[in-house]
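Close look at the chain arrangement
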Amino acid sequence: MTVRTGSLPVLWVLGLVLLVASAAVAITIGPAALSVRDVYGIVAEHLGAGPSGTTRIQDGIVWQLRLPRVLLAAVCGAGLALCGAILQSLLRNPLADPFVLGVSSGASTGAVLIAVLGVGGGALTLSGGAFLGAVLSFGVVLGLAYAAGGGTDRVVLAGVAATQLFSALTSFIVLSSADAEQTRGVLFWLLGSLAGVTWNDVAVCAAVVGAGLVCCLAYARALDAFAFGDDAAATLGVSVRQARIVLLVMTALITAALVSAAGAIGFVGLVLPHAARFVVGPAHVRLLPTVAILGAVFMVWVDTLARTLFAPQELPTGVVTALLGVPAFALILLRRRGIPT
Amino acid sequence: MSLLADQVSWTRSGRLVLDGVTVEPDPGATVGLLGPNGSGKSSLLKLLAGVDRPSGGTVHLDGEPLTRMSRRRLARRVAMVAQHAETELHITVREVVRLGRIPHTGMIGTDTEGAAVVERALAATGLTDMTERFWHTLSGGERQRVQIARALAQDPDHLLLDEPTNHLDIAHQLEILALVRQLDITAVVALHDLNLSAMFCDHIVVLSGGVVVATGIPAEVLTEELIEMVYGVRCRVTVEDGLPHVRFAPG
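Values in this document were obtained by computation on a predicted structure and should not be read as measured data.

What counts as what
Residues numbered from 1 in each chain as written. Chains lettered and ligands numbered in written order. Predicted model: local features only at pLDDT ≥ 70, side-chain atom pairs only at ≥ 80, totals over all residues. Helix = DSSP H or I, 4+ residues; strand = E, 2+ residues; numbered from the N terminus. Rg over C-alpha atoms; globule rule 2.2 N^0.38 Å. Buried ≥ 20, exposed ≤ 12 C-beta atoms within 10 Å, placed from the backbone. Contact = placed C-beta atoms within 7 Å. Pairing = 2+ DSSP bridges. Axes fitted to C-alpha atoms, helices over the stretch in contact; angles between N-to-C directions. Nonpolar A, V, L, I, M, F, W, Y, C, P; charged D, E, K, R; others polar. Parallel < 35°, antiparallel > 145°, perpendicular 65-115°, else oblique. pLDDT = per-residue confidence, 0-100. Left-handed = near helix turned anticlockwise from the far one by under 90°.

Across its full length, chain B carries 9 helices and 12 strands. Computed over the C-alpha atoms, the radius of gyration of chain B is 18 Å, within 12% of the 18 Å expected from 2.2 N^0.38 for a compact globule of 251 residues. Overall size of chain B, expressed as C-alpha extent along the three principal axes, is 55 × 40 × 35 Å. Across the 251 residues that make up chain B, the buried fraction comes to 42%. In chain B, 67% of the contacts between residues at least 6 apart in sequence involve partners at least 24 apart.

Below, the structure is given as structure tokens:
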């Protein structure tokens, strides 16, 4: 199915309705009897409506645990998928994902320094350390790429180099210093986890992703112009250097914020842009909102599976995204045999 | 209404690629850019398109240096078809041609005459019947026509083409050049085929080692002496109906 023209706003509205419905249903799933009506009542009560008639425990489960978690899942899915779509277009590489800029491995190193070695003496939280690590490694990537000439292939190569370096540092620190319990905790975080989400995480990530989406939409036509490369984009009136810097910094910031809050959730940013392109075509005015909605719905369900499949034991989110996403993606690939993505 | 490269030089990685080149195409003319591989044809086209800045000299459009124009404004006047156009995207012919409207579209995206210009560009290049075909299903000649249509959708008064007949069979080479020639805009075309340049160009500029070694109408420029000097091959040039015809001597 390909929707390349008119009916898109309808598709977006349907997508948003599906997202809200998914979130409402996902919140009811798990230990503790809750209905969608209870969830609605509790949310309405917190937003100023009358008492919902639910218990304090139910209220706590919805408002303190599951609602922020579902919201962060949606924001993460939207943000990662958005970053993937932008980086694939900007770097003209179908294998690009939000982590191609070395951001996630930098974040991991930052988090491990805090968690295992206790760097910062308690002044820095795990996510604070992760954010600093992410920004630092992105700085390394950008600096190296521009010192080496600044083309898109240089950015990808510098990203690969930084990813290897920081991954090695992380492994080194964990293997040399962490005890078994710390190793388990760090590994869990490295594979992505939405457990222990706070409203603060939700607010920060939603603000960053929202601002990022608006900024990237302003560059939608410029991103289209990169279809045939940098020179072609330049002759179509795009300031290539400026567009590239703004979009790289934007995607790095979004990724850094998301990785700091939820760990490195793989796969979403790599695959969902391709799925979205199958549906709405390559024009970014249509692609970017679509991929954001798709990513949000996908992550809400992935996280629900991650926390319920082997309850009370949780699965790392990144494990579920891959286990679920790879077969789905293989199906799409097989059905589109012979067609470039 | 014209583009002028005034004494431009360009250095890449310490090597002087262009050295004091002056080119001023007449409005509406088709200008052929000849010269061996590495003589600076592509580099000159990129300077004319404003993709690269000359390290010496200036490129002007209507007397205004390109460096003082915004990229968007320039892209509405000068369009370029590069030698290699490749994309990984699953993109239709119409979507590629629509890219040409980017310099005419604001951030909010209103371009009232865009649809009509895109249709005209598709019609002028004979693509009206294949607008929904996908890029990766097109032959080399069709891709070249789509890129020319995309350039026409920019509604430019100058069109720069870098070896547009590369890898095409002779029928498609003739078709593409006839198309370019009948367009009512100034065209600068880098070419390898001397006979084709004689057939389709009003004016020829020959580059060798980054300098202009000859310029004029085809019958003046394409001489046995010049071809031997520039390309290092011997040939016979005969003139029929005012058009020079080049036959190469073996060995």
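Now for the overall build of chain A. Tallying secondary structure elements over chain A gives 14 helices and 0 strands in all. Starting at the N terminus and ending at the C terminus, chain A contains elements arranged as α-α-α-α-α-α-α-α-α-α-α-α-α-α. Against the 2.2 N^0.38 benchmark of 20 Å for 341 residues, chain A shows a C-alpha radius of gyration of 20 Å, consistent with a compact globule. When the backbone C-alpha atoms are referred to their principal axes, chain A occupies close to 65 × 55 × 40 Å. The buried share of chain A, reckoned over its 341 residues, is 50%. Once local pairs closer than 6 in sequence are excluded, the contacts in chain A between residues at least 24 apart make up 75%.

Residue and element names in this part refer to chain B. Read from one edge of the open sheet, 6 strands run 6-7-8-3-9-10, paired in mixed fashion. If you trace the sheet from one side to the other, it starts and ends with strand 6 (78–81) and strand 10 (211–216), each paired once. Going across the sheet, the axis of each strand differs from the next one's by a mean of 15°, ignoring polarity. In this sheet, strand 7 (residues 158–162) lies alongside strand 6 in parallel orientation, the contact comprising 4 bridges. Note that in strand 7 the partner of Met80 across the bridge is Leu160.

Residues and elements named next belong to chain B. Within strand 3 (residues 30–34), 5 of the 5 residues are buried, which leaves the element mostly enclosed by the surrounding structure. Of the two faces of strand 3, the one carrying Thr30, Gly32 and Leu34 and the one carrying Val31 and Leu33 are both buried. Sheet topology places strand 3 next to strand 8 (residues 186–190); 4 bridges connect them, and they run parallel. Within the sheet, the bridge partner assigned to Leu33 lies in strand 8 and is Ala190.

Take the interface of chain A and chain B next. Taken together, the contact pairs 24 residues of chain A with 23 residues of chain B. Mapped by element, the contributors of at least two residues to the side of chain A that touches chain B are helix 9 (220–225) and helix 10 (230–235) of chain A. With 4 residues, the top contributor of residues to the side of chain A that touches chain B is helix 10 of chain A. The residue makeup of the side of chain A that touches chain B, split by class, is 14 nonpolar, 5 polar and 5 charged.

What follows is about the packing of helix 2 (residues 36–46) of chain A against helix 3 (residues 56–90) of chain A. All names here are of chain A. Relative orientation of the contacting elements helix 2 and helix 3 amounts to 80°, with a least axis distance of 10 Å. Between helix 2 and helix 3, the angle falls in the class roughly perpendicular. On helix 3, the residues touching Asp38, Val39, Ile42, Val43 and His46 of helix 2 are Gln58, Asp59, Val62, Trp63 and Leu67. Of the residues contributing to the contact of helix 2 with helix 3, the split by class is 6 nonpolar, 2 polar and 2 charged.

All names here are of chain B. Judged by pairing direction, the sheet is antiparallel, and its 4 strands sit side by side in the order 2-1-4-5 without closing on themselves. Each having just a single partner strand, strand 2 (15–23) and strand 5 (64–65) make up the two edges of the open sheet. Taken strand by strand, helix 1 (residues 41–49) contacts strand 1 (3–12), strand 2 and strand 4 (56–61), and its axis lies near 120° from that of strand 1.

A residue-level look at chain B finds 98% of positions with pLDDT of 70 or above and a mean pLDDT of 91. Across the interfaces of the predicted complex, the ipTM metric reaches 0.89, alongside a pTM of 0.88.

Okay, the environment of Leu324 of chain A next. Note that Leu324 of chain A resides in helix 14 (residues 317–335). Sequence-wise, Leu324 of chain A and Phe310 of chain A are 14 residues apart; in three dimensions their C-alpha atoms are separated by 15 Å.

So, on to the packing of helix 5 (residues 126–147) of chain A against helix 6 (residues 152–177) of chain A. Residues and elements named next belong to chain A. Two elements in contact, helix 5 and helix 6, have axes whose closest approach is 8 Å; the angle formed by their N-to-C orientations is 140°. By the angle between their directions, the pair helix 5 and helix 6 is classed as oblique. Pair helix 5 / helix 6 crosses with right-handed handedness. On helix 6, the residues that touch Ser137, Val140, Val141, Leu144 and Ala145 of helix 5 are Arg154, Val155, Ala158, Gly159, Ala161, Ala162 and Phe166. Considered class by class, the residues forming the contact of helix 5 with helix 6 number 9 nonpolar, 2 polar and 1 charged.

Here we take up the environment of Val140 of chain A. Residues and elements named next belong to chain A. When you line up the elements, Val140 lands in helix 5. Residue Val140 is classed as partly exposed on the basis of its C-beta count, with 19 C-beta atoms lying within 10 Å. Taking the C-alpha atoms as reference points, Val140 and Ala162, 22 residues apart in sequence, are found 7.3 Å from one another. The contact partners of Val140, leaving out residues within four places of it in the chain, are Gly102 and Ala162.

Moving on to the pairing of strand 9 (residues 203–208) of chain B. Residues and elements named next belong to chain B. With 5 of 6 residues buried, strand 9 lies mostly within the body of the structure. For strand 3 and strand 9, the ladder comprises 4 bridges, and the chain directions are parallel. Its bridge partner lying in strand 9, Leu33 is registered against Val205. When strand 9 meets strand 10, the two strands line up antiparallel, connected through 5 bridges. Across the sheet, residue Val206 finds its bridge partner in strand 10, namely Ala214. Count of turn residues in the strand 9/strand 10 antiparallel hairpin: 2 residues, of which Gly209 carries a positive phi of about 55°.

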